[in-house]
Amino acid sequence: MTQAFNMADLSTALPEVVLSLVAMVILMLDFIVPKGRRDWLGYLSVLGVLLTLMVLFPQWGATQSAFSGQYLIDPFALFFKIVFLASAGLIILMSIGYLRNEGADRGEFYALILFATLGMMLMASAVDLLILYIGLETMSICIYVLAGFFKRERRSNEAALKYLLMGGFSSAIILYGMVMLYGLTGATGLKEIASALTADTLSNPALILAMVMLAAGFGFKIAAVPFHMWIPDVYEGAPTPITALLAAASEIAGLAILLRVFLVAIPGLQDRWALLFYVLSLLTMTVGNVVAIAQSNIKRMLAYSSIAHIGYLLIGVVAGRELGISATLLYTVVYALMTLGAFAMVILLCVGEVKGERIDDFTGLAQRSPMAAAAMLILLLSLAGVPPTAGFVGKLYLFGAAIERGYVLLALIAVVNSAISLFYYMKVAVAMYMRDLPPAGLALSPSRPLRVVLFVTVVGTLAIGIYPGPFLDLAKSSIAGLW
Amino acid sequence: MNVLQFPILSLIAYLPLLGAFLILALPKESKGGIRWSALAFTLASFAASLWLPAYFDASTPEMQFVEAFSWIPTIGVTYLFGLDGISLWLVMLTTFLSVIAVICSWESITMRLKEYYIFLLLLETGMLGVFFSLDFFLFYVFWEVMLVPMYFLIGVWGSERRLYSAIKFFLYTLFGSVIMLLGILAVYYYHGAQTGAYTFDVLRLMKVSYPSTPLFTLLGVPFSFQDLVWLSFFMSFAIKVPMFPFHTWLPDAHTDAPTAGSVILAGVLLKMGTYGFIRFNLPMFPEATKHFVPMMMTLSIIAIIYGAMVCMVQPDMKRLIAYSSVSHMGFITLGMFALNAQGIQGSIIQMVNHGLSTGALFLIVGLIYDRRHTRLISELGGLSKQMPVYATLFAIIMLSSMGLPGLNGFIGEFLILVGAFKVNYLWAAFAVSGIVLGAAYMLWLYQRTMFGALENPKNAALQDLSPREMTTLVPIVIMCFWIGLYPSPFLSRMEASVNFILARIHQGQAATAQPPPSPVEGVVPVAQRHPVAALPGEPSR
């Protein structure tokens, strides 16, 4: 840890450097670009994201550690970084029209999204508890601000405060778990912790406590039941693109560090944490799906549905091993695509006074805009796991991993859950196709960037559903050498 | 393997899909264009399917007209289409009834025409895909894809309680299919662990015998791996058939579906369940099949008698016919699980028969509903004077449904009863009581609607069938006579496949009953993964 600063290390973190530079440039330009023309800042941010992706690609297949072994570039990190950057790009695209509609187009919105993404990228590469925590907080603090971005709106304020309190609380719990790990092993590097854990310390109750603390803390971040209470209010109150960011990026980032910490630092306890996540997974998907049935606000419904999807994702963690973890990775992509698409649809319906948030706002959409209704239908079927969509392939792979390891009961509960979920997803389809009162709403005029988002998510959902081969291979190769 | 050297099965399956895309491109206002293109594409698909019986080789149980491509090599999924004596006539039935469904919707569907025909054509592609697929992944995709258009057909174009019925149908069947998915995965991983080759290819999966040693005993019944997987498939197929006690979605879905929806639902969708039993449960899990014969027989007999008795008290014509399906499908499962040649042949031919006659009965109800906007029997009566052609066709179809000799129903029911009698005469005795009840409710229905005085003044001005309406019913009547009078072209083409299945069941895993070689072996790579079986619960490092 006492090594001198090394310029070569910086080059391994080049994508992160580029992204933070872009974010700072956006912040500065915000003062120069006049109000009303700040769409350009959004497009510039997307360009920045693309630039970062371009800088990222040379790292394909490489494994290299930097900064005294605290920072690691490996296929696993690269996979998640691509997911985060792609999500961030799509979220910025869907924000452009949304902010104009809400009369709140300010450059710091984009800059904060970029900084949050930076935090996620740090999390994906961190192999040291300190870096990991820094990444986590960088992401969280940006999102606290973003959740309360509409400062004159009560719901937005409530969301921000709630998220801040719960987020701070959970960060403290994670930190406490980390402290105990450090106390037991004297190391903060994940690999060092693993090698310092002897058979003797493995049975130490303090280690179990540390494991439970970490699981609880990460549980808050990924919104696993029973740590999910903050989710519905925050999702409902936050600006819709930020809700998408929370659901599709921040939760996946939480999952990435959860995987890394549990698989690399405390593999010796796998029997125990698999049991822990078994219970969490079971509760998460069941509670998420059952409560979602009763929702009439689509953002709240999607909040509970995202909780349920976290439950499915945890199945892969429970199953562990190559098959389970690669299934989890594949499903993160699938989940991000469909969730982003669904939130983009909510934004699409946001015309004038209609907020697009009630399920009733979808009434008669099939007649108002057949294309939009068809897009939403595909996304909903994918969320419910009906073939030939990505949701089906993802679930097949996850449930298969569980069956292969003999977790038949978990798989059974999971499939029953997907049948339940169909019920509330189809409520939206019923509104779109089977109820005949087209509201006297204004014509839908989606902005061009929003069309791009919808196109990418719907086509992506279908592509993974119909030809999943390359995506399966990618998920498989991304966990090579993880542990 | 493919005598035509041409992907005929894909052509048949995707012509309707192509039609759906074409209709998508047509403007909403061009109603004639939409109708005629739907008709053209279903007719083209039917015409293409006429090649199948002509070029079908009846001497072999092997899959014919095979098409195989590697699709997702990572997990061993192949695009594998094939046809044998079991699926041949069901495919013909599907293409045939789809044409009829388009014609019968011609005037009765006036609202949101474009979407309607798109869904109808998508549904046809889904159904054909199910019958052609020989890869579990592909099969499951089509199996589910089929649900979505049917859901919309009921939910958008249905009658009063359409929303309730549509979601009930979707949830029920989806619940069954996800349970089947677990069974598919269990078979997939068991096969992979045994042979090192991970594949969804049904014929390859059939080569392994699945353990039939009891794992645990529940309420005195031992359950083995095979039994559990069998049950998971059973859940899906029994809901689809539907067998008692999973039948409650059926009356609702049928009653509220538009006429074409009911025709397809009764004619083809219900057959998917019995087709699934005979394609997967019987040859793949022979021990478990034998294990569950008493249960299947009991459920079938309950369905036969219970379904028929409920029919007697229905005030609604459509609901009556829906319940009669429960009873008739009971016959089919009864014959199938008699596990002998007559029983199985009878059940396959009866699937076709039921598709024809019940499909026609729904058309008949639809014709009256279009005119009177009611389905209540009490509103009708004495129609034979007003609509003689209609009454004649109704009579023939009714007799076919009752199983009168000379018509198709007799052939199927007779074979099924012979099959059941050979195993246990009591089963046959119970089943025969179902036929008597069937005659009772059908004749009584006919009497109350067609005979007597024309008392209701609303019925006085009813028009007899138009030529278009006759084109929906007459072809079905012709088919009923053909199967009834000269069934051997139908029976001879299924014989080899039926014998193969029987050999699989009765000789267990003996080498004599090896399945025909999978057409893709050596052609398509199979995913190779961890060659040694992983024990559940074993830590990963």
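Residues numbered from 1 in each chain as written. Chains lettered and ligands numbered in written order. Predicted model: local features only at pLDDT ≥ 70, side-chain atom pairs only at ≥ 80, totals over all residues.

Digging into the overall build of chain B
Next, step 1: In terms of regular secondary structure, chain B is built from 21 helices and six strands.
Next, step 2: In terms of overall dimensions, chain B is globule-like: its C-alpha atoms have a radius of gyration of 23 Å, near the 24 Å expected for 541 residues.
Next, step 3: Along the longest, intermediate and shortest principal axes, the C-alpha atoms of chain B span 80 × 60 × 45 Å.
Next, step 4: The proportion of buried residues among the 541 residues of chain B is 58%.
Next, step 5: For chain B, contacts bridging at least 24 residues in sequence account for 79% of all contacts bridging at least 6. (Helix = DSSP H or I, 4+ residues; strand = E, 2+ residues; numbered from the N terminus. Rg over C-alpha atoms; globule rule 2.2 N^0.38 Å. Buried ≥ 20, exposed ≤ 12 C-beta atoms within 10 Å, placed from the backbone. Contact = placed C-beta atoms within 7 Å.)

Description of the overall build of chain A
Next, step 1: Looking only at helices and strands, chain A features 21 helices and two strands.
Next, step 2: Taking 2.2 N^0.38 as the reference for a compact globule, 483 residues should give roughly 23 Å; the C-alpha atoms of chain A span a radius of gyration of 21 Å, in line with that estimate.
Next, step 3: By principal-axis analysis of the C-alpha atoms, chain A measures approximately 70 × 55 × 40 Å.
Next, step 4: For chain A, buried positions account for 62% of its 483 residues.

Things to note about the nonpolar core
Next, step 1: The biggest cluster of nonpolar side chains holds 403 residues, and the ones touching the most others in it are Ile-113, Leu-114, Met-123, Phe-399 and Ala-402 of chain A together with Leu-120 and Leu-334 of chain B.
Next, step 2: Tallying contributions element by element places helix H15 (residues 321-348) of chain A first for this core, with 20 residues.
Next, step 3: Residue contributions to this core reach at least three from each of two domains, namely domain 1 (8-155 + 228-260) and domain 2 (269-483) of chain A.
Next, step 4: Setting aside residues up to four positions removed in sequence, Ala-402 of chain A forms contacts with Ile-315, Val-318, Ala-319, Tyr-407, Leu-410 and Ala-411 of chain A. (Core = buried A, V, L, I, M, F, W, Y, C linked by C-beta atoms within 7 Å. Domains from an automatic or database assignment.)

As for the interface of chain B and chain A
Next, step 1: Facing the 31 residues of chain B at the interface are 30 residues of chain A.
Next, step 2: When residues of the side of chain B that touches chain A are traced back to their parent elements, those giving at least two are helix H6 (136-145), helix H7 (147-157) and helix H8 (162-195) of chain B.
Next, step 3: The element that contributes the greatest number of residues to the side of chain B that touches chain A is H8 of chain B, accounting for 13 residues.
Next, step 4: Here the side of chain B that touches chain A is built from residues that sort into 25 nonpolar, four polar and two charged. (Nonpolar A, V, L, I, M, F, W, Y, C, P; charged D, E, K, R; others polar.)

Things to note about unusual backbone geometry
All names here are of chain A.
Next, step 1: Residue Val-225 is joined to Pro-226 through a cis peptide bond whose omega torsion reads 10°.
Next, step 2: Inspection of the secondary structure assignment puts Pro-226 in the loop between helix H10 (205-222) and helix H11 (231-237).
Next, step 3: Phi is positive for Arg-321, which is not a glycine, with a value near 60°.
Next, step 4: Positionally, Arg-321 belongs in helix H15.

Considering the environment of Ala-186 of chain B
Next, step 1: Tracing the sequence through the fold places Ala-186 of chain B in helix H8.
Next, step 2: Judged by the 20 C-beta atoms lying within 10 Å of it, Ala-186 of chain B is buried.
Next, step 3: Sequence separation between Ala-186 of chain B and Phe-131 of chain B is 55 residues; the distance between their C-alpha atoms is 22 Å.
Next, step 4: Not counting residues within four places of it along the chain, the set of residues in contact with Ala-186 of chain B comprises Ile-403 of chain A together with Val-229 of chain B.

Digging into the packing of helix H3 (residues 39-56) of chain A against helix H5 (residues 107-125) of chain A
All names here are of chain A.
Next, step 1: Direction vectors running N to C along H3 and H5 enclose 15°, while the axes themselves pass 9 Å from each other. It follows from the interaxial angle that H3 and H5 lie roughly parallel. Like other packed secondary-structure pairs, H3 and H5 cross with a definite hand, here right-handed. For the pair H3 and H5, the contacting residues are Leu-41, Gly-42, Ser-45 and Gly-48 in the first and Gly-107, Tyr-110 and Leu-114 in the second. (Axes fitted to C-alpha atoms, helices over the stretch in contact; angles between N-to-C directions. Parallel < 35°, antiparallel > 145°, perpendicular 65-115°, else oblique. Left-handed = near helix turned anticlockwise from the far one by under 90°.)

Some words on the environment of Ala-210 of chain A
Residues and elements named next belong to chain A.
Next, step 1: Inspection of the secondary structure puts Ala-210 in helix H10.
Next, step 2: The spatial distance from the C-alpha of Ala-210 to the C-alpha of Thr-188 is 13 Å, given a sequence separation of 22 residues.
Next, step 3: Residues contacting Ala-210, with those up to four places away along its chain left out, are Gly-177, Met-180, Leu-181 and Leu-184.

As for helix H17 (residues 370-384) of chain A
Residue and element names in this part refer to chain A.
Next, step 1: The end-to-end C-alpha distance of H17, which contains 15 residues, comes to 21 Å, matching closely the 21 Å that a straight helix rising 1.5 Å per residue would cover.
Next, step 2: In terms of burial, H17 is largely enclosed, as 12 of its 15 residues are buried.
Next, step 3: Regarding H17, the residues found buried are Ala-372, Ala-373, Ala-375, Met-376, Leu-377, Ile-378, Leu-379, Leu-380, Leu-381, Ser-382, Leu-383 and Ala-384.
Next, step 4: Just downstream of H17, Gly-385 is the residue with a positive phi angle, here 85°. (Expected span 1.5 Å × (residues − 1).)

Concerning the domain arrangement of chain A
Residue and element names in this part refer to chain A.
Next, step 1: Structurally, chain A comprises domain 1 (8-155 + 228-260) and domain 2 (269-483).
Next, step 2: Between domain 1 and domain 2, the C-alpha centre-to-centre distance is 22 Å.
Next, step 3: Contact with domain 1, which involves 29 residues of that partner, is made by 34 residues of domain 2.
Next, step 4: Going through the elements one at a time, helix H4 (75-102), H11 and helix H12 (240-265) are the ones with two or more residues in the side of domain 1 that touches domain 2.
Next, step 5: The greatest single-element share of the side of domain 1 that touches domain 2, amounting to 13 residues, is contributed by H4.
Next, step 6: Taken together, the residues of the side of domain 1 that touches domain 2 sort by class into 19 nonpolar, seven polar and three charged.

Focus on the confidence of the model for chain B
All names here are of chain B.
Next, step 1: Model confidence for chain B is summarised by a mean pLDDT of 86, while 93% of its residues fall at 70 or above.
Next, step 2: Counting interchain partners and residues more than four positions distant, the pLDDT-below-50 stretch residues 523-541 has 32 contacts.
Next, step 3: Confidence estimates for the predicted assembly give a pTM of 0.90 and an ipTM of 0.89. (pLDDT = per-residue confidence, 0-100.)

Digging into the pairing of strand E5 (residues 221-224) of chain B
Residue and element names in this part refer to chain B.
Next, step 1: Strand direction decides the pairing type here: strand E4 (residues 214-218) and E5, joined by four bridges, are antiparallel. Opposite Thr-217, over in E5, you have Pro-222 as the bridge partner.
Next, step 2: Between the end of E4 and the start of E5, which pair antiparallel, lie two residues, with Leu-219 showing a positive phi angle near 50°. (Pairing = 2+ DSSP bridges.)

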